[in-house]
4 protein chains.
Amino acid sequence: MLRVGVIGTGMIGQDHIRRMTSVLAGVTVTAVADVNVDTAAAVGSSVGARVHESGESLILDPSVDAVVVCSWGPTHEQYVLASIAAGKPVFCEKPLATTAEACLRIVEAETAHGRRLVQVGYMRRYDTSYRALKAVLDTGQLGAPLMMHCAHRNPSVPGFYEKEMAITDTAVHEIDMVRWMFGEEITAVRVLTPRRSGNGGDLQDPLLLLFEMADGVLVDVETSVNIRYGYDIRGEIVGENGTAALGSLSPVRVRLGGQAADPVPVDWRERFLGAYDVEFQEWIDALRLDGRPVGPSAWDGYAAAVVSDAGVAALRTGERVEVALAEKPKLYDVEVPA
Amino acid sequence: MLRVGVIGTGMIGQDHIRRMTSVLAGVTVTAVADVNVDTAAAVGSSVGARVHESGESLILDPSVDAVVVCSWGPTHEQYVLASIAAGKPVFCEKPLATTAEACLRIVEAETAHGRRLVQVGYMRRYDTSYRALKAVLDTGQLGAPLMMHCAHRNPSVPGFYEKEMAITDTAVHEIDMVRWMFGEEITAVRVLTPRRSGNGGDLQDPLLLLFEMADGVLVDVETSVNIRYGYDIRGEIVGENGTAALGSLSPVRVRLGGQAADPVPVDWRERFLGAYDVEFQEWIDALRLDGRPVGPSAWDGYAAAVVSDAGVAALRTGERVEVALAEKPKLYDVEVPA
Amino acid sequence: MLRVGVIGTGMIGQDHIRRMTSVLAGVTVTAVADVNVDTAAAVGSSVGARVHESGESLILDPSVDAVVVCSWGPTHEQYVLASIAAGKPVFCEKPLATTAEACLRIVEAETAHGRRLVQVGYMRRYDTSYRALKAVLDTGQLGAPLMMHCAHRNPSVPGFYEKEMAITDTAVHEIDMVRWMFGEEITAVRVLTPRRSGNGGDLQDPLLLLFEMADGVLVDVETSVNIRYGYDIRGEIVGENGTAALGSLSPVRVRLGGQAADPVPVDWRERFLGAYDVEFQEWIDALRLDGRPVGPSAWDGYAAAVVSDAGVAALRTGERVEVALAEKPKLYDVEVPA
Amino acid sequence: MLRVGVIGTGMIGQDHIRRMTSVLAGVTVTAVADVNVDTAAAVGSSVGARVHESGESLILDPSVDAVVVCSWGPTHEQYVLASIAAGKPVFCEKPLATTAEACLRIVEAETAHGRRLVQVGYMRRYDTSYRALKAVLDTGQLGAPLMMHCAHRNPSVPGFYEKEMAITDTAVHEIDMVRWMFGEEITAVRVLTPRRSGNGGDLQDPLLLLFEMADGVLVDVETSVNIRYGYDIRGEIVGENGTAALGSLSPVRVRLGGQAADPVPVDWRERFLGAYDVEFQEWIDALRLDGRPVGPSAWDGYAAAVVSDAGVAALRTGERVEVALAEKPKLYDVEVPA
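Predicted, not measured: the structure shown is a model, and the values here were computed from it.

Thresholds, definitions, all that
Residues numbered from 1 in each chain as written. Chains lettered and ligands numbered in written order. Predicted model: local features only at pLDDT ≥ 70, side-chain atom pairs only at ≥ 80, totals over all residues. Heavy atoms only, no water. Helix = DSSP H or I, 4+ residues; strand = E, 2+ residues; numbered from the N terminus. Rg over C-alpha atoms; globule rule 2.2 N^0.38 Å. Buried < 20%, exposed > 50% of the residue type's maximum accessible area, 1.4 Å probe, protein only. Contact = heavy atoms within 4.5 Å. Lys, Arg positive; Asp, Glu negative; His and termini not counted. Charge placed at Lys NZ, Arg CZ, Asp CG, Glu CD. Pairing = 2+ DSSP bridges. Axes fitted to C-alpha atoms, helices over the stretch in contact; angles between N-to-C directions. UniProt positions renumbered as here; feature names shortened; annotations may be inferred. Expected span 1.5 Å × (residues − 1). Bend = angle between axes of the 7 residues up to and from the residue. Least-squares fit on C-alpha atoms with pLDDT ≥ 70 in both. Buried area = accessible area lost by both parts, 1.4 Å probe. Salt bridge = Lys/Arg side-chain N within 4 Å of Asp/Glu carboxyl O. Polar contact = N/O pair within 3.5 Å; in protein donor to acceptor, adjacent residues only side chain to side chain. Domains from an automatic or database assignment. Nonpolar A, V, L, I, M, F, W, Y, C, P; charged D, E, K, R; others polar. pLDDT = per-residue confidence, 0-100. Parallel < 35°, antiparallel > 145°, perpendicular 65-115°, else oblique. Left-handed = near helix turned anticlockwise from the far one by under 90°. Disulfide = S-S within 2.5 Å.

I would appreciate a short explanation of the overall build of chain A in the present structure.
Counting secondary structure elements, chain A contains nine helices and 15 strands. Rg of the C-alpha trace for chain A: 20 Å, near the compact-globule value of 20 Å for 338 residues, within the 12% margin. Principal-axis analysis of the C-alpha atoms gives chain A an extent of 55 × 50 × 45 Å. Per-residue burial over chain A gives 62% buried out of 338 residues. Long-range contacts, defined here as pairs at least 24 residues apart, represent 72% of the contacts in chain A between residues at least 6 apart. Side-chain charges of chain A comprise 31 positive and 45 negative groups, with the mean position of each set lying 3 Å from the other.

Put into structure tokens, the structure is as follows:
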């Protein structure tokens, strides 16, 4: 039984605690911490977990085998670094840290430690459809991949959502996904600004992002974050001989009123609920096996941050921006399964 | 943590043990038993469970809160009755028992006990697609249901599969599903025998079953158990104003060689893996909540047996056969969620 | 240029005249006749066709190479027989005649004439989807056909529609289609009556028809004639190794308001407009080639009538009714392309 | 009956002659001409048309009401100008002329004539799917259009196909289509070059074209001209509230060997056969109505040429290239139906 301490007991933290106590096997939540002490106390008592006054204290708790960080983004760096310092595996919700420099400090700390401890919460790698897509790609039957067309559509976004967030918060999932899908880095980014949707007020929405991969694969990503009709994630890989696309996962088809219709998910929870479960179960299983995570690494978190920065620069300047990554430590060369 | 004892450690029993130890939350396997003592010992030691020499002994083990019966069909009755006698909840894989009479004895024993203990392993009620279909039906937007078209297709069946099994083993899933879907009993059965497939040797395959429901809904079920191309489960409800059908759950769509193709599952494991997980998690959760199962009941197991018998008679005689059920005890009147 | 005379200038006759004057090649309408003399005069003058006072007079007009019969059903027999007597090709809208006996008289007259002159208006054989379905079947890749599932759905029917018309007017299209699809006769019919739709008043709607083909293929046909949501024609052939179904012919897929939806045709005109055009063009082309039609024959019209009668008897009695056809004249043995 | 003379009796010319003599209504081919006199003679005699020694002579033939130009591209300008000079309607296969300047000369000649005579052969406007897509857009239910994603895929191209042809020959169909779809001009073009397919030898294939429309709609077009699996045309309009995409026009769905598959057209003939028929029938009908074509105009041909030139420049330079059109004559302001 893996004993987990959770830092951050807000909405996402509570959801992961629910997942670890009510859905998944082989795990127990033994400790919680939050800047909001009352929330931490309430959540902790509901699942019988010890409540810590600080994340650092939780990390050092001997009843905590592994740490889950769901706190406010700006605090991620300190808790991940503290976990590494304590030699404990840590699952950090995205982003790994709020700047590329901070991500790199984590990479360097983990590299100095000499063994992977960090996993970042990019859950698309655990989605059934993306995995089926990658499985088709990996058979080689499409020939070499040449392009990928993606769309990331949200029915709406909250009022504090700003235009850069379409890259740093929304398309960052595609950034991680294509790096994983094609097994190579993004080398340059362009961002185009189509006619603006009236649904988003002054927000520059939608965007068309263009990613160049190291081998020349060209990825286009539409982000539409106020498109009303639903939460819709699309992806099609164009190979030399054919294409493979995310399938239609409609549980039911209804014929009524002149239409044959499939429901569209209302939000990301509905669409990716299963992926979150798989993500955590595989993280738990890997840690129980040999204490080492095999999912998205600190390097992946760092690379996503650098590409996001390039994307934001491309959006601001209208120019093609190259991605400049640090040298990749050998620690991250190992081929990982997920 | 629910402590479960598993009787029967063959293929299905091992799969449920894997599920309870590696996939689901809130459960531990504390005891196992099997007529094959070596298998029981091996499985038991791999999960740290006590090995019993008999199912009856396992049922009486104080470290067993609830029993799962996965043994050979003819032994189901005795273990379920023993569990009821011990006042312990019991999950019995289908069939509940091998004859309608035996099922009725279980119904009577449970009724005498006065509180539900028995759940039968009809897992379609837990499938995402069937649940979505029922959700659409229950909105009333289709109007009253009038018909349902079903198909149950297997790529192949083992050599010992006999023609009656198309009803008792294969279509029995549809028998339970339509009773649950429409919330009423099947009152008559016809079985038609189309041209025989050469893939099944002398087996009468496919069949077309016709079920009349109490309110007049007419259900047709194709069973094709040697259809090679894959495992395919179809269902469409025809209402007054429209229809609703099981959707297409294809994770990926591949365009290659002149075709745009969706994969078809290879077998029932691939198709219903998730439903088994949900079935067991909900069983565990219900028992932890108040010790009472809310899934398919002994009455459901009994009704399925009676309808199966009617189907076998209809197949043998070519005639329409009416279904004669005993009076339904009040215990089973409660509306159950799943 | 084929010179055609049209008997019956009501809605269907006018539509075929429009087709022959504005859509198709190689044909001109030279004569019209109708019991309603005013309508005939108006239609005739609009296309420059001579107006006859009787169908018989039109048939004998030397400027008429071929006859199209679109008049009231009870008059079909006399006009078709008169055309045969005149040695002129005749296209007769369904039904060929209103009784099986009358159809047989036509078969006998044509057989006595010694050469095919008659074509009956079963247009599904000309539909792109049905032809694609037959092409797949004819490759043999499905193995032998064993079953076919069909649905024939209308959003609504007029007030004069009676329950037998679900067979004689609606399912008769499937009767002709399966005879053509499988190249063999229907030998027995059953009709089942599901729960009645409230949309059709006292009408027994829907029905489930069951056809046994000579080789054992079992066909089920749902007729739902008040199903509101649209005009929907479905068909799936179940073979030994796989299935083939009418595809989805949606020109557009719209994602709006929580749904991804394909439009459903509103009526048979929208669904089968193209099939009518192909039907007539091929009829014209065949006659211009050697004066002989190759589409649905008088025998097909006769067989449809006999099967319809059996269906009506099956509906009335609730019994399985065998189909008793006369001996098929050699004239109809020739394999026809459509 | 419209009397048509056809200049150019090669493959495309013969196909249009077949269409006008065997498929469509209200037209007859009275004259033909070709640089290859033997071909012209053979084709002419097969349909009973007079054979001219030159296109100019055919245009002046009093038995020719309207001209169809299917000759080699570099000759289009002269025949179209000669038709205008003769005051005769002329249907010119794409391109209208081989340079933007030549197209502009035609525009100016027609403008001087004062009435539309020229129609250019952009047939996508006549395709059922594109029309259904435009019909949805025009309802306004999507909100304002913001983006359009397109793909234009060919299984292979002939050896003489050069990289610019992906724009001038292939994507030019999308250029015309989006101008028609959104009712506005393309103002700038970018061309990106993804990783190169090994199927096309040295050819730069695929490409990603990006068109900016006057109102800000951003269009991306993938051209893949060696993608083996089939001929596949895709298009999805992204609006403020939802999207609409070209539907799936599969006539049949086959379940075999682990897949549920829809056929993909093998080439553009299969995909757009119906559109060519509609295009010509509507041209014929319009000319018979009042001698004036209502389809794609000389201005459309000119604009397509200018945008193509911009695309070629963008491909060569890697830069965004603005589209500089001449002022649009009032003659072309009229809203046209197709």
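What should I look at first to understand the sheet that holds strand β4 (residues 66-69) of chain C in this one?
As a general point, the strands of a sheet are linked pairwise by backbone hydrogen bonds and lie either parallel or antiparallel. Residues and elements named next belong to chain C. Pairing within the open sheet is parallel, and its six strands lie in the order β3-β2-β1-β4-β5-β6. A single partner strand is all that each edge strand has here, and the edge strands are β3 (50-52) and β6 (118-120). Taking each pair of neighbouring strands and ignoring which way they run, the sheet shows an average axis angle of 25°. Bridge analysis of strand β2 (residues 27-33) against β3 gives three bridges, and the strand direction is parallel. When the bridges of β3 are listed, Ala33 appears paired with His52. Running over the sheet, helix α4 (residues 76-86) touches β1 (2-7), β4, β5 (90-92) and β6 and is turned about 165° from β5.

I'm lost on the UniProt feature "domain: Gfo/Idh/MocA-like oxidoreductase N-terminal" (unreviewed entry) in chain A in this one. Help?
The positions that UniProt labels "domain: Gfo/Idh/MocA-like oxidoreductase N-terminal" (unreviewed entry) are, in the present scheme, residues 2-122 of chain A. The distance from the first to the last C-alpha atom of residues 2-122 of chain A is 21 Å, and the span holds 45% helix and 21% strand.

Can you help me understand helix α7 (residues 165-182) of chain D in this one?
Along an α-helix, a turn takes 3.6 residues, which lines up residues three or four apart on a common side. Residue and element names in this part refer to chain D. When the terminal C-alpha atoms of α7 are compared, their 24 Å separation across 18 residues agrees well with the 26 Å that a helix rising 1.5 Å per residue should span. Of all bends in α7, the biggest is about 60°, found at Ala171. Gly183 lies just past α7 and shows a positive phi near 65°.

Mind showing me how you'd approach the relation of the copies chain A and chain D here?
Superposing the two chain copies requires a rotation about an axis and a translation along that axis. Turning chain A through 180° and shifting it by 0.0 Å along the axis lays it on chain D, with an RMSD of 0.0 Å. The relationship between the two copies is best expressed as a two-fold rotation axis. A shared interface surface links the copies, since 100% of the contact residues of chain A are contact residues in chain D too.

Hey, could you run me through the interface of chain B and chain D in this one?
Interface size is commonly expressed as the accessible surface area that is lost when the partners come together. Between chain B and chain D, the contact holds 15 residues from the first and 15 residues from the second. Contact with chain D buries surface across chain B, with Tyr229, Arg255 and Gly258 of chain B losing the most and accounting together for 43% of the total. Connecting chain B to chain D are four salt bridges. As a salt-bridge pair, Arg253 of chain D and Asp262 of chain B come within 2.7 Å of each other at their nearest N and O atoms. Applying the counting criterion to the chain B and chain D interface returns ten residue pairs in polar contact (both at pLDDT 80 or more).

How should I be thinking about the UniProt feature "domain: Gfo/Idh/MocA-like oxidoreductase C-terminal" (unreviewed entry) in chain A in this particular structure?
Within the UniProt annotation, "domain: Gfo/Idh/MocA-like oxidoreductase C-terminal" (unreviewed entry) is assigned to residues 134-323 of chain A. Split by type, residues 134-323 of chain A is 35% helix and 28% strand. Its first and last C-alpha atoms lie 24 Å apart.

In this structure, what is going on with helix α6 (residues 128-139) of chain B? I would like to understand it.
Here α6 of chain B is twelve residues long and its end C-alpha atoms lie 17 Å apart, about the 16 Å a rise of 1.5 Å per residue gives. Listed in full, the buried residues belonging to α6 of chain B are Ser129, Tyr130, Ala132, Leu133, Lys134, Val136 and Leu137 of chain B. Where α6 of chain B is buried, its residues meet β13 (252-256) of chain A together with β7 (145-153), α7 (165-182), β11 (232-239), β12 (243-246) and α8 (268-290) of chain B. The distance from a side-chain oxygen at the start of α6 of chain B to the backbone nitrogen of Ser129 of chain B is 3.1 Å, and the residue carrying that oxygen is Asp127 of chain B.

What exactly am I supposed to notice about the domain arrangement of chain A here?
Residue and element names in this part refer to chain A. The assigned domain composition of chain A is domain 1 (2-122 + 274-297) and domain 2 (125-270 + 303-322). Just the C-alpha atoms count here: the centres of domain 1 and domain 2 sit 27 Å apart. Domain 1 puts 13 residues into the contact, and the matching count from domain 2 is 14 residues. Between domain 1 and domain 2 the total buried area reaches about 1200 Å² when both faces are included, carbon and sulfur atoms providing 61% of it. Inspection of the region where domain 1 meets domain 2 yields one salt bridge. With its nearest N and O atoms 2.9 Å apart, the salt bridge here joins Glu282 to Arg131. At the boundary of domain 1 with domain 2, the tally comes to three residue pairs in polar contact (both at pLDDT 80 or more). Broken down by secondary-structure element, the contributors of at least two residues to the side of domain 1 that touches domain 2 are α5 (100-113) and α8 (268-290). Counting residues per element, the side of domain 1 that touches domain 2 draws most heavily on α8, at five residues. The residue inventory of the side of domain 1 that touches domain 2, partitioned by class, reads eight nonpolar, two polar and three charged.

Sorry if this is basic, but what is going on with the environment of Thr28 of chain B here?
Note that Thr28 of chain B resides in strand β2 (residues 27-33). Linking Thr28 of chain B and Val64 of chain B, residues 36 residues apart in sequence, is a C-alpha distance of 9.7 Å.

It is not clear to me how the sheet that holds strand β3 (residues 50-52) of chain A should be interpreted in this structure. Could you clarify?
All names here are of chain A. The sheet built from six strands is open, its strands ordered β3-β2-β1-β4-β5-β6 with parallel pairing. Looking along the sheet, the strands with just one partner apiece sit at the ends: β3 and β6 (118-120). This sheet shows a mean twist of 25° between the axes of neighbouring strands, independent of strand direction. Of the pairings in the sheet, the one linking strand β5 (residues 90-92) to β6 comprises three bridges and is parallel in character.

What exactly am I supposed to notice about the interface of chain A and chain D here?
If you look at the interface, chain A gives 37 residues, while chain D gives 37 residues. Here chain A meets chain D over a buried area of about 2800 Å², counting both sides, of which 58% is carbon and sulfur. Interface area lost by chain A to chain D is led by Leu146, Arg195 and Glu240 of chain A, which between them contribute 22%. The interface formed by chain A and chain D holds four salt bridges in total. A salt bridge links Glu236 of chain A to Arg234 of chain D; the nearest nitrogen and oxygen atoms lie 3.2 Å apart. If you look at where chain A meets chain D, you find 18 residue pairs in polar contact (both at pLDDT 80 or more). Listed by contribution, the elements that provide at least two residues to the side of chain A that touches chain D are β7 (145-153), β8 (186-192), β9 (207-213), β10 (218-224) and β11 (232-239) of chain A. Tallying contributions element by element places β7 of chain A first for the side of chain A that touches chain D, with five residues. Taken together, the residues of the side of chain A that touches chain D sort by class into 15 nonpolar, eleven polar and eleven charged.

Even after reading the chapter, I still don't get unusual backbone geometry, so can you show me in this structure?
Among all residues except glycine, the phi angle is most often negative; among peptide bonds, the trans geometry is most common. Cis geometry marks the peptide bond from Asp205 of chain A to Pro206 of chain A, where omega comes out at 5°. Mapped onto the fold, Pro206 of chain A is located in the loop between β8 and β9. Unlike most non-glycine residues, Arg228 of chain C shows phi in positive territory, near 65°. In this structure Arg228 of chain C comes out as partly exposed when scored by relative accessible area, which is 41%.

What should I look at first to understand the confidence of the model for chain A in this one?
On average, residues of chain A score 97 in pLDDT, and 99% of them reach the 70 mark or higher. Taken over the whole predicted complex, pTM reads 0.97, whereas the ipTM for its chain interfaces reads 0.96.

Explain the packing of helix α1 (residues 11-22) of chain B against α8 of chain B to me, please; I cannot follow it from the model alone.
Geometry of a packed helix pair, given as the angle between the helix axes and the separation of the axes. All names here are of chain B. Taken N-terminus to C-terminus, the directions of α1 and α8 make an angle of 60°; their axes are 11 Å apart at the nearest point. In terms of axis orientation, α1 runs oblique to α8. Regarding α1 and α8, the two cross each other, and that crossing is right-handed. Contacts from Met11, His16, Arg18, Arg19 and Met20 in α1 reach Arg269, Leu273, Tyr276, Asp277 and Phe280 in α8. Here the residues of the contact of α1 with α8 sort into five nonpolar, one polar and four charged.

In this structure, what is going on with the state of the cysteines? I would like to understand it.
By definition, a disulfide links two cysteine residues through a covalent bond between their sulfur atoms. This structure, assessed with the given rule, holds zero disulfides over all chains. Cys92 of chain D takes part in no disulfide bond, and the closest cysteine sulfur to it belongs to Cys70 of chain D, at a distance of 8.3 Å. For Cys92 of chain D, a relative accessible area of 0% gives the class buried. Cysteine Cys150 of chain D remains unbridged, with the sulfur of Cys150 of chain A as its closest cysteine sulfur at 17 Å.

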